[in-house]
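Close look at the chain arrangement
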Amino acid sequence: MFFESWSDFFNMGGYGFYVWLSYFICFITIAGLIIQSVSARKKVLKEVLREQQREERLQQANVKGAL
């Protein structure tokens with residue numbers, strides 16, 4: 001589709017509001033999913049690290065208790 005000006009491009013033949021609104025909603029949704037995924041990943045990694053540290057403390061306590 002060929003537009004004669006930037007105004008025509010943004011107006012999209014009278015449907016610009018709906019077109020740009022749908023782009024905006026998609027962008028916000030994808031950004032939200034990315035933010036949620038990064039947050040969940042950090043939370044899982046923090047939990048794994050906490051569990052590893054707990055296991056190390058338990059192993060050290062068992063070694064000390066055996067002596």
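Residues numbered from 1 in each chain as written. Predicted model: local features only at pLDDT ≥ 70, side-chain atom pairs only at ≥ 80, totals over all residues. Heavy atoms only, no water.

**Considerations on the overall build of the chain**
The cut-off we apply is this: In DSSP terms, a helix is any run of H or I states spanning at least four residues, a strand is any run of E spanning at least two, and both are numbered starting from the N terminus. Only C-alpha atoms enter the radius of gyration, while the globule expectation follows 2.2 Å times N to the 0.38, with N the number of residues. Working definition: with a 1.4 Å probe on protein chains only, accessible area under 20% of the residue-type maximum means buried, over 50% means exposed, and in between means partly exposed. Using the Shrake-Rupley algorithm and a 1.4 Å probe, accessible areas are obtained, with residue cover drawn only from the displayed protein chains. Only four residue types enter the charge count: Lys and Arg as positive, Asp and Glu as negative, with His and the chain ends excluded. Charge placement uses NZ in Lys and CZ in Arg. For Asp and Glu, CG and CD serve respectively.
From N to C terminus, the chain includes two helices and zero strands. Since a compact globule built from 67 residues should have a radius of gyration of about 11 Å, the 27 Å found for the chain marks it as more spread out than a globular shape. Taken across its 67 residues, the chain has 3% of its residues classed as buried. Surface summary for the chain: the accessible area is close to 6500 Å², and the carbon and sulfur share equals 65%. If you average the places of the 8 positive and of the 6 negative side-chain charges in the chain, the two averages end up 17 Å apart.

**So, the UniProt feature "transmembrane region" (unreviewed entry) in the chain**
Counted only if it meets this: UniProt positions are given in the numbering used here, feature names are shortened, and annotations may be inferred rather than shown by experiment.
As annotated in UniProt, the feature "transmembrane region" (unreviewed entry) corresponds to residues 15-35 in the numbering used here. Strand forms 0% of residues 15-35 and helix 95%; the C-alpha atoms that close the span are 30 Å apart.

**What about the packing of aromatic side chains?**
So the rule is basically this: Classification of ring pairs uses Phe, Tyr and Trp, with its six-membered ring standing for Trp, and accepts pairs whose centres are within 6.5 Å; under 30 degrees between planes counts as stacked, over 60 as edge-to-face, and the remaining range as tilted.
In the structure shown here, the tally under the stated rule is eight aromatic pairs. Ring centres of phenylalanine 3 and phenylalanine 9 lie 5.4 Å apart, and the angle between their planes is 80 degrees; this geometry places the pair in the edge-to-face category. Plain terms: the ring middles of phenylalanine 10 and tryptophan 20 are 5.8 Å apart, the flat faces sit at 50 degrees to each other, and that makes the pair tilted. You can see phenylalanine 10 sitting in helix H1 (residues 6-11) and its partner tryptophan 20 sitting in helix H2 (residues 16-66), a full 10 residues away along the chain. Judged by relative accessible area, phenylalanine 10 falls into the partly exposed class, the value being 47%. Overall, the relative accessible area of 31% leaves tryptophan 20 in the partly exposed class. An aromatic cluster is defined as three or more aromatic residues linked by ring pairs; in this entry it consists of Phe3, Trp6, Phe9, Phe10, Trp20 and Tyr23.

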